[in-house]
Amino acid sequence: MKKTLRRWIGGLAAGAGAMAYWGKPVVKAVAAPQVAAIPAPSEEEQIREALVLDDLELEIGYGLIPLVDEGEGGELLKRVSLVRRQMASELGLVLQPIRIRDNVALGSHEYAIKLKGVEVARSALAAGCLLAMNPGDADPSLHGEPTTEPAFGLPALWISGMQRDEAEAAGYTVVDQPSVVITHLTEVIRQHAAELLGRQDTRGLLDHVRDKHPALVDELVPEVLHVGDVHRVLQGLLSEGVSIRDLVTILETLGDRGRLIKDSSLLVEYCRQALARQLTSSLVDPFGRLAVITVDPSLETELGDCVMQTPDGSYLGLEPGRAEVVVRTVRDECERAVALGHRPVVVCSPKVRRHLRALCAHAVPRLVVLSYNEIVPTVEVETVGAVTLAAEGSVL
């Protein structure tokens, strides 16, 4: 609970000093009142406007408009601009402008987040209240309206502004309403980062690298791989929360491996191994230890034997009942690790890593699965759990 809350707080702070790769306007926001009359758009302009589909939209109810009105001290616009910079610094992802608009179909204090025109998240704020979250050791006697923090599903309370000092003295983490919205938006972006990276965005990233490393890009594209191939690899990395900011290392790996391998899934695995230091540095504790859950070798062998090769790539052909048992066991081990205060990280052989992760993705959405090749030798590994097989062959 404490680690999840620290991640919540860290997500707010990370954007403050981050730099964007290049400057585009970040927000197309709720329109300010106009003094001069504006000509009505022509029918042709209205039709073209209807065709525009934004990658990300934040819709708000009329009761939340003061949050974006800078004239009334609203900070939401400024904080949304920092989200784009944070994602560039954290994930290497250059987001398209984020549109903010009011929507009368929403409740007065509701907001919705849309991805390419489709709503993917919605929540509501309590008018004039602050959100208080218990990190696990706060005084439970604090009075407030019970709710659920929308980004991570943490239990929380809506409290009045007058209760802030009382809540903080009782050990609660107290945040304002713009912080709740921004944290939710940031987490939605992380979850859908792969979808937010378009092919044109990939071309822009390649052009950015070409400015300092022209030989690297010119040798890779299109001699070895096409832009679409690079795009799929970058999407594969982002889909597992791997930052693509070290694009030079990624492109060098693709240049070395891409001449013989065209399977984007395999290329993703080689890129992950090249980024091993980056992967492990974000997972170790303050003492440099990596707490892991191992997979029994016999289970790894079974999973490896179930990998089916097709012209379109490989997949895990595990019998559904068996797959359910494996997923349940991995989930149980992760819950035990969390109860001990560890972030669950499963380690296994490179052959089955991506298949095991895909198998457990829905049941354990934020599960990290590393291969042994992705752990740098200088990291001290501590085993805190194991997915094992019983003598009769059932998973324990």
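Residues numbered from 1 in each chain as written. Predicted model: local features only at pLDDT ≥ 70, side-chain atom pairs only at ≥ 80, totals over all residues. Heavy atoms only, no water.

Asker: Sorry if this is basic, but what is going on with the overall build of the chain here?
Answerer: Of regular secondary structure, the chain possesses 15 helices and 15 strands. Burial status across the chain gives 46% buried among its 396 residues. When the accessible surface of the chain is totalled, it reaches about 20,100 Å², and 53% of it is carbon and sulfur. (Helix = DSSP H or I, 4+ residues; strand = E, 2+ residues; numbered from the N terminus. Buried < 20%, exposed > 50% of the residue type's maximum accessible area, 1.4 Å probe, protein only. Areas by Shrake-Rupley, 256 points an atom, 1.4 Å probe, with all protein chains shown as cover.)

Asker: Is there a simple way to explain the confidence of the model for the chain in this structure?
Answerer: In low-pLDDT segments, the atomic positions of the prediction should not be examined closely. Looking at the chain as a whole, the pLDDT averages 87, with 88% of positions reaching at least 70. The low-confidence segment residues 9-33 (pLDDT under 50) makes 50 contacts with residues lying over four places distant or belonging to another chain. (pLDDT = per-residue confidence, 0-100. Contact = heavy atoms within 4.5 Å.)

Asker: So what exactly am I meant to see when it comes to the sheet that holds strand 7 (residues 145-148) here?
Answerer: Within a sheet, neighbouring strands are paired by backbone hydrogen bonds and run either parallel or antiparallel to one another. Strand order across the open sheet formed by 4 strands is 7-8-6-9, with antiparallel pairing between neighbours. Lying at the two open borders of the sheet, with one neighbouring strand each, are strand 7 and strand 9 (173-175). Put simply, the sheet's adjacent strands are angled 35° from each other on average, direction ignored. Bridge count for strand 6 (residues 129-133) against strand 8 (residues 155-160) is 5 bridges, and the pairing is antiparallel. If you follow L131 over to strand 8, its bridge partner there is W158. (Pairing = 2+ DSSP bridges. Axes fitted to C-alpha atoms, helices over the stretch in contact; angles between N-to-C directions.)

Asker: Looking at this structure, how should I read unusual backbone geometry?
Answerer: With glycine set apart, most residues show a phi of negative sign, and most peptide bonds adopt trans. That bond from V221 to P222 is cis: its omega, 0°, falls within 30 degrees of zero. By the element assignment, P222 lies in the loop between helix 8 (214-220) and helix 9 (227-239). If you check the backbone angles, K116 has positive phi at about 50° while not being a glycine. Its place among the elements puts K116 in the loop between strand 4 (110-115) and strand 5 (118-124).

Asker: What's the story with the nonpolar core in this structure? I'm lost.
Answerer: Within soluble globular proteins, side chains that are nonpolar generally end up buried alongside one another. If you look at the biggest cluster of nonpolar residues, it comprises 80 residues, and the most contacted ones within it are Y111, V230, I250, L251, L254 and L370. Residues A291, I293, L299 and L303 belong to the second largest nonpolar core, which totals 23 residues. (Core = buried A, V, L, I, M, F, W, Y, C linked by side-chain atoms within 4.5 Å.)

Asker: Teacher, can you tell me more about the pairing of strand 14 (residues 368-371) here?
Answerer: When a strand is regular, its side chains alternate between the sheet's two faces. The alternating pattern of strand 14 places V368 and L370 on one face and V369 and S371 on the opposite face, and all of these are buried. Examined bridge by bridge, strand 13 (residues 345-348) and strand 14 share 4 bridges and lie parallel to one another. When the sheet's bridge partners are listed, C348 is paired in strand 14 with S371.

Asker: It is not clear to me how the pairing of strand 6 should be interpreted in this structure. Could you clarify?
Answerer: Among the 5 residues that make up strand 6, 5 are buried, leaving the element largely enclosed by the rest of the structure. Side-chain alternation along strand 6 places C129, L131 and M133 on one buried face and L130 and A132 on a second face that is also buried. In terms of strand pairing, strand 6 meets strand 9 through 3 bridges, oriented antiparallel. Considered in strand 9, the bridge of M133 is made with T173.

Asker: I keep staring at the layout of surface pockets and nothing clicks. Help me out?
Answerer: One simple way to see leftover space: roll a probe sized like a water molecule over the atoms. Counted as a void, the second largest pocket has a volume near 350 Å³. Taken together, 19 residues make up the lining of the second largest pocket; nearest its centre are E240, S265, R354, H355 and A358. Looking at the lining of the second largest pocket residue by residue, the classes come out as 6 nonpolar, 7 polar and 6 charged. (1 Å grid on protein atoms, 1.4 Å probe; cavity = no way out; pocket = protein on both sides within 12 Å on 5 of 7 lines; lining within 4 Å. Points joined across faces, edges and corners; volume = space filled by probe spheres on them. Nonpolar A, V, L, I, M, F, W, Y, C, P; charged D, E, K, R; others polar.)

Asker: Hey, could you run me through the state of the cysteines in this one?
Answerer: In protein chemistry, a disulfide is the covalent bond that joins the sulfur atoms of two cysteines. According to the stated counting rule, one finds 0 disulfides in the structure shown. With no disulfide of its own, C360 lies closest to C334 among cysteine sulfurs, the gap being 7.6 Å. (Disulfide = S-S within 2.5 Å.)

Asker: Can you walk me through the sheet that holds strand 14 in this structure?
Answerer: Here 4 strands make up an open sheet; going across it, the order is 14-13-10-15 and the pairing parallel. Of all strands in the sheet, those with a lone pairing partner are strand 14 and strand 15 (380-387), marking the two edges. Strand after strand, the sheet turns through a mean of 40° between neighbouring axes, direction not considered. Relative to strand 13, strand 10 (residues 289-295) is paired through 2 bridges, and the arrangement is parallel. Pairing of I293 across the sheet is with V346, part of strand 13. Sitting on the sheet, helix 14 (residues 320-339) is in contact with strand 10, strand 13 and strand 15, with an inclination near 130° to strand 15. Sheet strands in contact with helix 15 (residues 353-360) are strand 10, strand 13 and strand 14, and its direction is about 170° off that of strand 14.

Asker: Sorry if this is basic, but what is going on with the side chain of R322 here?
Answerer: When you line up the elements, R322 lands in helix 14. Polar contacts involving the side chain of R322 include one to the side chain of E302, which spans 2.7 Å. (Polar contact = N/O pair within 3.5 Å; in protein donor to acceptor, adjacent residues only side chain to side chain.)

Asker: Mind showing me how you'd approach the packing of aromatic side chains here?
Answerer: Given two aromatic rings, their pairing is described by the distance between the two centres and the angle made by the two planes. Inspection of every chain in the model, using the stated rule, returns 0 aromatic pairs. In this arrangement the basic side chain of R257 is found over the ring face of Y270, its NZ or CZ atom lying 4.0 Å from the centre. (Phe/Tyr/Trp six-rings, centres within 6.5 Å; stacked < 30°, edge-to-face > 60°. Lys NZ or Arg CZ within 6 Å of the ring centre and 35° of its normal.)

Asker: Explain the packing of helix 9 against helix 11 (residues 264-274) to me, please; I cannot follow it from the model alone.
Answerer: Two packed helices can be described by the angle between their axes and the distance between those axes. Two elements in contact, helix 9 and helix 11, have axes separated by 9 Å at closest approach and are oriented at 60°. Taken together, the axis directions place helix 9 and helix 11 in an arrangement best described as oblique. Every pair of crossing elements has a handedness; the one defined by helix 9 and helix 11 is right-handed. In this structure, helix 9 contributes R232, V233, G236 and L237 to the contact, and helix 11 contributes S264, L267, V268, C271 and R272. Taken together, the residues of the contact of helix 9 with helix 11 sort by class into 5 nonpolar, 2 polar and 2 charged. (Parallel < 35°, antiparallel > 145°, perpendicular 65-115°, else oblique. Left-handed = near helix turned anticlockwise from the far one by under 90°.)

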